[in-house]
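Each chain, written out:
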Amino acid sequence: MTQLITHVSPQSLTEVLQAAGYRVNQTEQNGIVQLLSASQGIGYAVRFGNPAVEEGSYVDFTFSCALRVQGELPQGVAEQWNATRRFARLSLQGEFLVMEMDVVVAAGVSNDHLRGNLELWDRLLQEFIVYLRDFSQAAQTSTAKVAVAEQEEVAL
C-alpha cells in the first residue's frame, strides 16, 4: 500500500525537488522559510501555506514565479492567461508579473502526486514564457495594424 503524504516540510519538499533533479536553496526571511529553485533557466520560489499539526510542517504550498516587468505590459495579458489556462494563475503585483500554482496535500497524496505537480509546474513555466513572447508579438502586430489603418483614414 502506498504511504500517503498529509503534510510537507521544507526538508521533505527539498528532497522531492532534488530527487527530480532540481537544485534547491532554502532561505529564511523574517522567520518565514521558502525554497528557491529554477527550471528552464527561470527562477521560482516555493512558499509554504497553512501549518500542519506537526511543528514545521504544512498542508499546502505554492509554486511562485515573479518576473519584473520592463516597460508597458500589453493590456489583458494576465486576464487572457487566467481565462484560457488551468492550474496556475497570473497576477500583476506592482512591477512584477507573478504566476502561482497551489498544491494541497491535506487529505493525503502519494509521492507520485507530488512529483506530478512538480512536472505540471515545470510545463507551465515553459508555457508561460512562450505565452508572454507570443502575446507580446500579437500586441505589437495589432498596434501596427491600428497605426496603418489610422494612416489610411487620414489619407482618405
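Residues numbered from 1 in each chain as written. Predicted model: local features only at pLDDT ≥ 70, side-chain atom pairs only at ≥ 80, totals over all residues. Heavy atoms only, no water.

> Would you take a moment to explain the overall build of the chain for this structure?
Tallying secondary structure elements over the chain gives 3 helices and 6 strands in all. Sequence-ordered secondary structure for the chain, helices as α and strands as β, is α-β-β-β-β-α-β-β-α. Counting across all 156 residues of the chain, residues that qualify as buried make up 33%. Partitioning the contacts of the chain with sequence separation of at least 6, the portion at a separation of at least 24 is 55%. (Helix = DSSP H or I, 4+ residues; strand = E, 2+ residues; numbered from the N terminus. Buried < 20%, exposed > 50% of the residue type's maximum accessible area, 1.4 Å probe, protein only. Contact = heavy atoms within 4.5 Å.)

> How do you make sense of the nonpolar core when you look at a structure like this?
Ranked by internal contacts, the top residues of the largest apolar core, which has 34 residues, are Y44, V46, F61, F63, M99 and L114. Within the residue set of this core, elements represented by two or more residues are helix 1 (10-19), strand 3 (42-48), strand 4 (60-68), helix 2 (77-84), strand 6 (96-104) and helix 3 (111-155). Sort the elements by how many residues they give to this core and helix 3 lands first, with 8 residues. Those residues in contact with M99 that lie beyond four places of it in its chain are F63, S64, C65, W81, A88, R89, L90, W121, L124, L125 and F128. (Core = buried A, V, L, I, M, F, W, Y, C linked by side-chain atoms within 4.5 Å.)

> Hey, could you run me through empty space enclosed by the protein in this one?
Any empty space left between the atoms is revealed when a probe the size of a water molecule rolls over them. Within this structure, the stated rule accounts for 1 cavity of 30 Å³ or more. Within this model, the largest cavity holds a volume of roughly 40 Å³. Looking at the lining of the largest cavity element by element, the count peaks at 3 residues for helix 1. Its residues assigned to classes, the lining of the largest cavity shows 7 nonpolar, no polar and no charged. (1 Å grid on protein atoms, 1.4 Å probe; cavity = no way out; pocket = protein on both sides within 12 Å on 5 of 7 lines; lining within 4 Å. Points joined across faces, edges and corners; volume = space filled by probe spheres on them. Nonpolar A, V, L, I, M, F, W, Y, C, P; charged D, E, K, R; others polar.)

> Would you mind going over the pattern of salt bridges with me for this structure?
Pairing of side chains with opposite charge becomes possible as their charged atoms draw close. Tallied over the entire structure, the rule returns 7 salt bridges. Sharing partners across several salt bridges, the network here consists of R85, R123 and E127. (Salt bridge = Lys/Arg side-chain N within 4 Å of Asp/Glu carboxyl O.)

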